[in-house]
Amino acid sequence: MGPRFQPDDTLYKRRNTLKVEYVPDDIVGRDNEIEEYEAALQPIINGEYPDNIFIYGKTGVGKTAVTNFLLNELQESADHFEIDLTVISLNCDGLSTSYQAAISLVNNLRGHENHIAETGHPQSKVYRLLWNELNKLSGSVIIVLDEIDHITDDTFLYQITRADNNGYIDNIQLGVIGISNDSTFREQLDAKVQSSLCETEISFPPYGTEELQKVLEQRADIAFHESALEDGVIPLCAALGRQDGGDARRAITLLRKAGDLARTENANSVTTDHVERAQEKLEAQQSMDIMRDLTEHEQLTLYALTTLAAEGETPARSRIVYQRYKELCEFQGREPRTARRMRSFLSDFEILNLTLSEMEHRGQDGGTYRQHELNRDIATVVDALQTIISEFGAHQSIIEYLPDSGEEFATM
């Protein structure tokens, strides 16, 4: 008997090119943004002082990919024309304060053996070390701060964008590129920081269907064999990606999941059916993550609606959901939120696609009321809410949906 796992390249040529981390040799679907970005970087090749650039747009719209692509091109051009250029990249995810960001940048500039500790330094010393490290460089220096909105105070951005004006650096021409998923981040900055950081602003809007199709075609050409995809696969992935907010990462992930599903089933090609089933799985996973991230009282509101669904009592009016929600709170001696607050939770659930609601009109006496029902199957919601159910007790209606017949849960 041979090994259990055998190589399989029936559909894929290079599956890894459908991973988020992969940066293609050429960027498609972002022509206008690339043109603006190139114009902002051009001064470096002219030997001039670079502008600071602020890039913003939602997740998966190409901000980081375009930045990496253009900076690679810029470095190649600089090498060709013998221009002294250093690019330093820092991801600010996990760096919530200016102090942490400054230390992280110092350590990025130093060799590993000379890293400084992450705590215990006076702030003035950290910035003194930073200026010393930057002044060891020469020519043009670009500092890329990805996910810049994670830094919650302005000190670091103020210091780094005004270092030249304040006389802290004298040996280099320093430019900063800030990248943010939060379009409102700029407005939260101090006016001085805003004017320094946002000398050039470039907005990356969500991809349209045609642009997504170009992105997917480019990836599919590299990732799959020539006849591996049925004709409708890429248009469907692009259309679903557009519905999902124009996020290229999700559209590419959907194509990969559809390919994996086809491979698992030993299919000769990836079909639109594979795409639709892959989308269902991705949506289920996404909604599980959303439900697990809800606050306690949001989860209790969703739990209340789920118990009514399990009893066949949905669509249910807001006041009926509130009665059940209060029962769940009182069972554990917790103070319920107001009915108005709970109604706002129900509105949020609809925006998150977890529930559906509709307005019902009473007869001749007029008046309207809203009815709510789950937009996810009961078993999925119960699975996502297991922590809150174990804490607040398992309502009789949902026992059959619990693992091991609910033996580990107190019942109510």
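Values in this document were obtained by computation on a predicted structure and should not be read as measured data. (Residues numbered from 1 in each chain as written. Predicted model: local features only at pLDDT ≥ 70, side-chain atom pairs only at ≥ 80, totals over all residues. Heavy atoms only, no water.)

**A short note on the sheet that holds strand β4 (residues 172-180)**
- Taken in spatial order, the five strands make up an open sheet running β2-β3-β4-β1-β5, and their pairing is parallel. Only two strands of the sheet have a single partner each, and these edge strands are β2 (85-91) and β5 (200-203). Taken pair by pair, the neighbouring strands of this sheet meet at an average axis angle of 15 degrees, ignoring direction.
- Pairing analysis gives four bridges linking strand β1 (residues 53-56) to β4, with the strands arranged parallel. Bridge pairing in β4 links Ile-55 to Ile-179. (Pairing = 2+ DSSP bridges. Helix = DSSP H or I, 4+ residues; strand = E, 2+ residues; numbered from the N terminus. Axes fitted to C-alpha atoms, helices over the stretch in contact; angles between N-to-C directions.)

**As for the packing of aromatic side chains**
- The full count for this structure, using the stated rule, is six aromatic pairs.
- Between Phe-54 and Tyr-56, the aromatic rings sit 5.5 Å apart at their centres with planes inclined by 25 degrees, giving stacked as the arrangement. Just as Phe-54 is buried, Tyr-56 falls in that class too.
- Where Trp-131 meets Tyr-168, the ring centres are 5.1 Å apart and the plane angle is 5 degrees; that geometry is what we call stacked. With a gap of 37 residues between them, Trp-131 in helix α4 (residues 123-135) and Tyr-168 in the loop between α5 (155-161) and β4 connect regions that are remote in the sequence.
- By relative accessible area, which is 7% here, Trp-131 ends up buried.
- With relative accessibility at 35%, the residue Tyr-168 sits in the partly exposed group.
- An aromatic cluster is defined as three or more aromatic residues linked by ring pairs; in this entry it consists of Phe-54, Tyr-56 and Phe-185. (Phe/Tyr/Trp six-rings, centres within 6.5 Å; stacked < 30°, edge-to-face > 60°. Buried < 20%, exposed > 50% of the residue type's maximum accessible area, 1.4 Å probe, protein only.)

**A look at the packing of helix α3 (residues 98-109) against α4**
- Contact pair α3 / α4: the axes reach a minimum separation of 9 Å and the direction vectors enclose 35 degrees. Here α3 runs over α4; the crossing is left-handed. Facing α3, whose interface residues are Ser-98, Tyr-99, Ala-102, Ile-103, Leu-105, Val-106 and Leu-109, α4 presents Gln-123, Val-126, Tyr-127, Leu-129, Leu-130, Glu-133 and Leu-134.
- Looking at the contact of α3 with α4 residue by residue, the class counts come to eleven nonpolar, two polar and one charged. (Left-handed = near helix turned anticlockwise from the far one by under 90°. Contact = heavy atoms within 4.5 Å. Nonpolar A, V, L, I, M, F, W, Y, C, P; charged D, E, K, R; others polar.)

**A closer look at helix α12 (residues 296-310)**
- Counted at 1.5 Å a residue, the expected span for α12 with its 15 residues is 21 Å, and the 21 Å between its end C-alpha atoms agrees.
- For α12, a buried count of 13 out of 15 residues is recorded, marking the element as mostly surrounded by other parts of the structure.
- Positioned one or two residues after α12, Gly-312 has a phi angle of 75 degrees, which is positive. (Expected span 1.5 Å × (residues − 1).)

Function cannot be read off these values alone, since they describe shape.
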